[in-house]
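An overview of the molecular structure
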Amino acid sequence: MAKVCQLFSGSSGNSILVSSSGHNYLVDIGVSAKKCENGLKQIGIEPDSIEGIFVTHEHGDHAKGVRIFANRYQIPVYASKLCYDELYRQGFADDKTNLNVIENHIELDGINALTFHQSHDSADCLGFRFNFSDGRSASVCTDTGFITDNAKEILPGTDLVFIESNHEIAMVNAGTYPYSLKQRILGANGHLSNFACSEYIKELAKSGTTRFVLAHLSRENNLPELARQTAVAALDEINMEENKDYRLYVSPPENDSRSIVL
């Protein structure tokens, strides 16, 4: 049985649990190691059961707790070489961290993990597709200014996808952020908007994806219900009915529900 759970989501920190056949992995630890431990225990997962940490990129909201958590439990960390160099430089990894460089894919107990490159202002930002031994699959596609060609190669047919629905464009433009920060968010190396997210999930739905988790929502430039409504309206356009043809979830900043069983 495979299951996933977004433990933390947004600019205050991100982490996703991925489990298959009793094997537990994390994608990112962008909160303190202690907070991650508590989040895991709340859904019945012991921290020392984690067998690996996949890191998308080196920004603090994705990597802040990696070093302490990984070193405390002697857990391997999977990241690209460019990402790891930045983790090390920023103190999110050290000489005790058990690094495993991941390039295109890696086979582990219970999963086959495929990578794809995202468009983000980091040294190297990866997305992941996890193919489980029971035939199910889940993907993580966050922190990208647009859906890259590489992502479009890997994502179709995924059973469940965590996909960024970071901001509403009008809220960014009308907000109080400095112009430079607005340009970063809205740019090709920034974050995916509600509209861009909704347009792509139509393509995923056509490919067979039936579960969507809207992730990495901005607290300042988005509203959960707005992100949801935008996605539902887009899927309505292709005659997809919620709770019949697909299920839609919106990740809160901290998990308030059980894991999603695939």
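Read on for a plain summary of the structure. As a convention, each chain's residues are numbered from 1 in the sequence order in which they are written. Only residues with pLDDT of 70 or above have their local features reported here, since the model is predicted, and side-chain atom pairs are shown and tallied only from 80 upward, although totals for entire chains, interfaces and linings are computed over all residues. Values reported for side chains reflect all heavy atoms of the structure, with hydrogen atoms and water molecules removed beforehand.

Taking strand neighbours across the sheet as the criterion, the seven strands line up as β7-β8-β9-β10-β11-β12-β13 in an open arrangement whose pairing is mixed. The sheet is open, and its two borders are formed by β7 (105-108) and β13 (247-250), each paired with just one other strand. Put simply, the sheet's adjacent strands are angled 15° from each other on average, direction ignored. By definition in these notes, contact holds between two residues if any of their heavy atoms fall within 4.5 Å. Interaxial angles span 0 to 180 degrees and are taken between N-to-C directions of axes, which are lines fitted to C-alpha atoms, for helices over the stretch in contact. Numbering goes from the N terminus for both helices and strands, where a helix is a DSSP run of H or I of at least four residues and a strand is a run of E of at least two. With respect to the sheet, helix α8 (residues 194-207) is in contact with β11 (160-164) and β12 (211-215), its orientation differing from that of β11 by roughly 165°. Along the sheet, helix α9 (residues 224-237) makes contact with β12 and β13, crossing β13 at roughly 160°. DSSP calls a pair of strands paired once it identifies at least 2 bridges connecting them.

Across the five residues of strand β3 (residues 23-27), four count as buried, placing the element largely inside the fold. Of the strand pairs in this sheet, strand β2 (residues 15-20) and β3 are connected by five bridges, and their pairing is antiparallel. Following the sheet pairing, Val 18 is matched in β3 by Tyr 25. The antiparallel pairing of β2 with β3 creates a hairpin that spans two residues between the two strands, and Ser 21 there sits at a positive phi of about 50°. The pairing of β3 with strand β4 (residues 50-54) spans four bridges and is parallel. Paired with Tyr 25 across the two strands is Gly 52, which belongs to β4. Whether a crossover is right-handed depends on one test, that the path from the first strand over the helix to the second runs clockwise when the strands point away from the viewer. Note that the unit made of β3, helix α1 (residues 33-42) and β4 has a crossover that is right-handed. The buried label goes to any residue with under 20% of its type's maximum accessible area, the exposed label to any with over 50%, and the partly exposed label to all in between, with areas taken from a 1.4 Å probe on protein chains only.

So far we have only geometry, and geometry alone does not tell us how the molecule works.
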